[in-house]
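Commentary on secondary and tertiary structure
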Amino acid sequence: MNKSVVTGSMLLVGVCLVAVFAAPVNVAAQSEESWVEKSNQNSQVLLGILARWAPTFGSQLGLPGVDEEIIQLPLDVVELILADLEGARVELEKRLAAETHPAVQQDLEILIRETSLNLEDIRLEQKYLLDYEDVPEDIFRGIRVLLDEQVDPARYPAAVVRLNRFAGLEEGYAPLTEQYERYLRTRMKKTELLGPVQEEIETDLATTDRLVSGTRQLFEQYELEGWQPAFAALEQQVEAWNAFVRAEMLPRCRTDTRMPPEMYAFNLRQLGVEMSVEELVSRAKVAFQEIQYEMQ
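The following refers to the structure shown.

The rules behind these values
- Residues numbered from 1 in each chain as written.
- Predicted model: local features only at pLDDT ≥ 70, side-chain atom pairs only at ≥ 80, totals over all residues.
- Heavy atoms only, no water.
- Helix = DSSP H or I, 4+ residues; strand = E, 2+ residues; numbered from the N terminus.
- Contact = heavy atoms within 4.5 Å.
- Areas by Shrake-Rupley, 256 points an atom, 1.4 Å probe, with all protein chains shown as cover.
- Buried < 20%, exposed > 50% of the residue type's maximum accessible area, 1.4 Å probe, protein only.
- Polar contact = N/O pair within 3.5 Å; in protein donor to acceptor, adjacent residues only side chain to side chain.
- Phe/Tyr/Trp six-rings, centres within 6.5 Å; stacked < 30°, edge-to-face > 60°.
- 1 Å grid on protein atoms, 1.4 Å probe; cavity = no way out; pocket = protein on both sides within 12 Å on 5 of 7 lines; lining within 4 Å.
- Points joined across faces, edges and corners; volume = space filled by probe spheres on them.
- Nonpolar A, V, L, I, M, F, W, Y, C, P; charged D, E, K, R; others polar.
- Salt bridge = Lys/Arg side-chain N within 4 Å of Asp/Glu carboxyl O.
- Axes fitted to C-alpha atoms, helices over the stretch in contact; angles between N-to-C directions.
- Parallel < 35°, antiparallel > 145°, perpendicular 65-115°, else oblique.
- Left-handed = near helix turned anticlockwise from the far one by under 90°.

Quick look at the overall build of the chain now. Scanning the chain for helices and strands turns up 12 helices and 0 strands. Restricting the contact set of the chain to residue pairs at least 6 apart, pairs at least 24 apart contribute 79%. Summing over all exposed atoms, the chain offers an accessible surface of approximately 15400 Å²; the carbon and sulfur share of this is 53%.

Right, dumping it as structure tokens:
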């Protein structure tokens, strides 16, 4: 799936998940509570970025103060995210240089490595991909994470505030669909960028009605008040978003699901494969020929 970095999405979320789980890496040493606390403090460097650029996912993690927030998309949003991550890496490297506890050192090294990988991942996507995003799904997930039986009911009213912000009915917020349209139109001027896979777009368009209906059902199920005006506005905005996707995104789609070689090689490195793509292809061909020979 070609998912945009501007959701905070799987790229930023991935590095911040490492921040969440870094501290328990050395479980056997947890009798030393001080180092665990220090690792938790170090993870806040990245979790603060998550709160800013992926607040709906921050709600899922239970981060304080983010339940009403949504991402804002200035046209330079990716540059801002990259700057935040670069700053975080510098800060983490500074802390590593001053750290003496081996367990905290290990956690810092993990955070630094994952931050570096995410920086490269984002830059590669910016270099090659158009950054399409399924905005109706993002909106549904942003509400669903708050309206759930596992969530403290005291948090439920935040879903109404978040919906108003998604719909642009609160001062200082433009509709999320319009923000993405503006961002994507800027990206689409770069004709060399690869568009999303056509099957992905068609699937997203086919599920939009279900997502909108599901959002309505959540507010009705949890009997919240004051959500109807924002939802009515959102329905129209999603309809306009779908028209934009059909008219402007579908023509930029591709049927070839292969990723650029540089991105493919990077994904292999993330899996621990240091061999070049060319060498892998060569070895695969040799192995295939050997199998054919043995079957004869």
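Okay, back to it.
On to the side chain of T207, then. Mapped onto the fold, T207 is located in helix α9 (residues 198–221). Given a relative accessible area of 18%, T207 falls into the buried group.

Turning our eyes to something else, we now look at the environment of R155. Take R155: it is sitting in the loop between α6 (135–144) and α7 (158–166). Between the C-alpha atoms of R155 and S59, which are 96 residues apart in sequence, the distance is 9.7 Å. One polar contact links R155 to D67, side chain to side chain, over a distance of 2.7 Å.

Counted under the stated rule, the structure contains 4 aromatic pairs. Aromatic pair Y156 and Y222: ring centres 4.9 Å apart, planes at 65°, arrangement edge-to-face. Here Y156, found in the loop between α6 and α7, pairs with Y222, found in the loop between α9 and α10 (228–249); they are 66 residues apart in sequence, far enough to count as distant. For Y156, a relative accessible area of 11% translates into the label buried. Taking 5.8 Å as the distance between ring centres and 75° as the angle between the ring planes, the aromatic pair formed by W227 and F231 counts as edge-to-face. Considered together, W227 and F231 belong to a single accessibility category, that of buried residues.

Glancing now at the environment of P229. Among the structural elements, P229 can be located in helix α10. Considered as a pair, P229 and L163 are 66 residues apart in the sequence and their alpha carbons are 9.8 Å apart.

Turning our eyes to something else, we now look at empty space enclosed by the protein. On inspection of all chains with the given rule, the structure shows 1 cavity of 30 Å³ or more. Taken as a whole, the largest cavity encloses approximately 50 Å³ of empty space. P136, I139, F140, L211, V212, T215, F231, L234 and V238 are the residues that line the largest cavity. Looking at the lining of the largest cavity, the elements that each hand over two or more residues are α6, α9 and α10. Classifying every residue of the lining of the largest cavity by side-chain character gives 8 nonpolar, 1 polar and no charged.

Following the criterion strictly, the structure yields 17 salt bridges and no others. The partner of R52 in a salt bridge is D84, and the shortest N-O contact between them spans 2.8 Å. Remark: D84 occurs in helix α4 (residues 77–98) and R52 occurs in helix α2 (residues 33–53); sequence separation between them is 32 residues. What makes D84 partly exposed here is its relative accessible area of 23%. E91 is the partner of R95 in a salt bridge, and the nearest nitrogen-oxygen pair spans 2.8 Å. Taken together, the residues span about one helical turn, with R95 and E91 both in helix α4 at a distance of 4 residues.

Along the chain, L92 turns up in helix α4. Placed 50 residues apart in sequence, L92 and N42 show a C-alpha to C-alpha distance of 7.4 Å. In contact with L92, not counting residues within four places along its chain, are N42, V45, L46, L108, L111, I112 and T115.

Now for the packing of α6 against α7. Closest axis-to-axis distance for the α6/α7 pair is 9 Å, and the angle between their directions is 160°. Here α7 runs roughly antiparallel to α6, going by the angle between their axes. When the axes of α6 and α7 are compared, the crossing they make is right-handed. Along the contact surface, α6 presents D138, I139, G142 and I143, while α7 presents A159, R162, L163 and F166.

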